[in-house]
Amino acid sequence: MLSKLNPRDMALVALFAALSVTAALLFRFFGGMIVPFSLMPFVVLLAGGLLGARLGALSIGIYVIMGLVGIPVFEKPPFGGPAYVLSPTFGFLIGFIVAAYVTGLILKERDAGPVRLTAAMLAGVAVPYIIGLPYLYAILNFYMGKAMDIPAVLMIGFVPFIGFDLLKALAAGVLIKAVGARLPKPGGQR
């Protein structure tokens, strides 16, 4: 995968990995919640929508790898390192990689119509929840020993965030439509 990247693709992947770090760090000091408010869903949707499935997922994957090797780029303590796999929110990070891929896969072309764009944004919002909420449940119940049923997990990991995530999806969709049509296709194609 990496050997087929041209310099432009490498720069775009690095740019979105850096945007991911910035999005995560913006709200680091306003924490206190198990699942913090984040701009990551917005960046993930933009990555998938503007870079395509492969490059979008790669950019978010690089961000996650940076954190797992110990660079303090994550929003919640311990901020980085392999121990972050045991954080209740790590499942959402895995979901972000898949969400960027799914968003890009559904769009395929940045000048997609409103139905395809809406489907891509909604899928991009849904995927992190589909992966992150069961992970949150498992870590809280089986690793941390906090007895939480499914409604409690939904109250801390879904209900406070879904409205904001839908607004982020709307903003990302508008940006993808406005900017995406003016950019060359990923991989140097026009």
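The paragraphs below set out a description of the structure included in this document. Since we're looking at a predicted model, the values are computed, not measured. (Residues numbered from 1 in each chain as written. Predicted model: local features only at pLDDT ≥ 70, side-chain atom pairs only at ≥ 80, totals over all residues. Heavy atoms only, no water.)

**Quick word on the overall build of the chain**
When helices and strands are counted, the chain shows 7 helices and 0 strands. When the elements of the chain are put in sequence order from the N terminus, they spell out α-α-α-α-α-α-α. Looking at the 190 residues of the chain, the share that counts as buried comes to 45%. With the model as given, the accessible surface of the chain reaches about 9300 Å², and the carbon-plus-sulfur share is 75%. (Helix = DSSP H or I, 4+ residues; strand = E, 2+ residues; numbered from the N terminus. Buried < 20%, exposed > 50% of the residue type's maximum accessible area, 1.4 Å probe, protein only. Areas by Shrake-Rupley, 256 points an atom, 1.4 Å probe, with all protein chains shown as cover.)

**Some thoughts on the packing of helix H3 (residues 53-68) against helix H4 (residues 90-107)**
The angle between the axes and the distance between the axes are what describe a pair of packed helices. It is the contact of H3 with H4, at a shortest axis distance of 6 Å, that shows an interaxial angle of 165°. When the axes of H3 and H4 are compared, the pair comes out roughly antiparallel. In the packing of H3 onto H4, the handedness of the crossing is right-handed. Counting all contacts with H3, which are made through Ala53, Arg54, Gly56, Ala57, Ile60, Gly61, Tyr63, Val64 and Leu68, the residues of H4 involved are Phe90, Leu93, Phe96, Ile97, Ala100, Tyr101, Gly104 and Leu105. (Axes fitted to C-alpha atoms, helices over the stretch in contact; angles between N-to-C directions. Parallel < 35°, antiparallel > 145°, perpendicular 65-115°, else oblique. Left-handed = near helix turned anticlockwise from the far one by under 90°. Contact = heavy atoms within 4.5 Å.)

**Overview of the environment of Phe42**
Along the chain, the position of Phe42 falls in helix H2 (residues 40-51). Taking the C-alpha atoms as reference points, Phe42 and Val125, separated by 83 residues in sequence, lie 9.0 Å from one another. For Phe42, the contacting residues outside a window of four places in its chain are Lys168, Ala171, Ala172 and Leu175.

**Description of a nonpolar patch on the surface**
Where nonpolar side chains cluster on the molecular surface, the patch consists of Val85, Leu86, Tyr143 and Met144 and spans about 350 Å² of accessible area. Inspection of the secondary structure puts Tyr143 in helix H5 (residues 114-143). (Patch = residues over 30% accessible without salt bridge, like charges linked within 9 Å, V, L, I, M, F, W, Y side chains within 5 Å. Salt bridge = Lys/Arg side-chain N within 4 Å of Asp/Glu carboxyl O.)

**Digging into the pattern of salt bridges**
What the rule picks out here adds up to 2 salt bridges. Across the pair Asp165 and Lys168 runs a salt bridge whose closest N-O atoms are separated by 2.9 Å. Of the two residues, Asp165 and Lys168 both sit in helix H7 (residues 159-180), 3 residues apart, roughly one turn of that helix. Like Asp165, the residue Lys168 is buried in the burial classification.

**Some words on the packing of aromatic side chains**
Summed over the entire model, instances satisfying the criterion amount to 7 aromatic pairs. A ring pair is formed by Tyr63 and Phe74, whose centres lie 5.5 Å apart and whose planes are at 85°; its orientation type is edge-to-face. Pair noted here: Tyr63 is in helix H3 and Phe74 is in the loop between H3 and H4, with a separation of 11 residues, a long-range link. Per residue, the accessibility class of Tyr63 equals that of Phe74, and both read buried. Consider the rings of Phe74 and Tyr84, whose centres lie 4.3 Å apart with planes at 35°: the pair is tilted. Of this pair, Phe74 sits in the loop between H3 and H4 while Tyr84 sits in the loop between H3 and H4, placing them 10 residues apart in sequence. Each member of the pair, Phe74 as well as Tyr84, is classed as buried. Here a set of aromatic residues connected by ring pairs shows up, and it is made of Tyr63, Phe74, Tyr84, Phe90 and Tyr135. (Phe/Tyr/Trp six-rings, centres within 6.5 Å; stacked < 30°, edge-to-face > 60°.)

**Quick look at the nonpolar core**
Of all hydrophobic cores here, the largest spans 45 residues; its most connected members are Phe16, Val44, Tyr63, Leu93, Leu107, Met121 and Ile176. Secondary structure elements with two or more residues in this core: helix H1 (7-26), H2, H3, H4, H5 and H7. The element contributing the most residues to this core is H5, with 9 residues. Residues within four places of Tyr63 in sequence aside, it is in contact with Ala17, Ser20, Val21, Ala24, Met40, Val73, Phe74 and Leu93. (Core = buried A, V, L, I, M, F, W, Y, C linked by side-chain atoms within 4.5 Å.)

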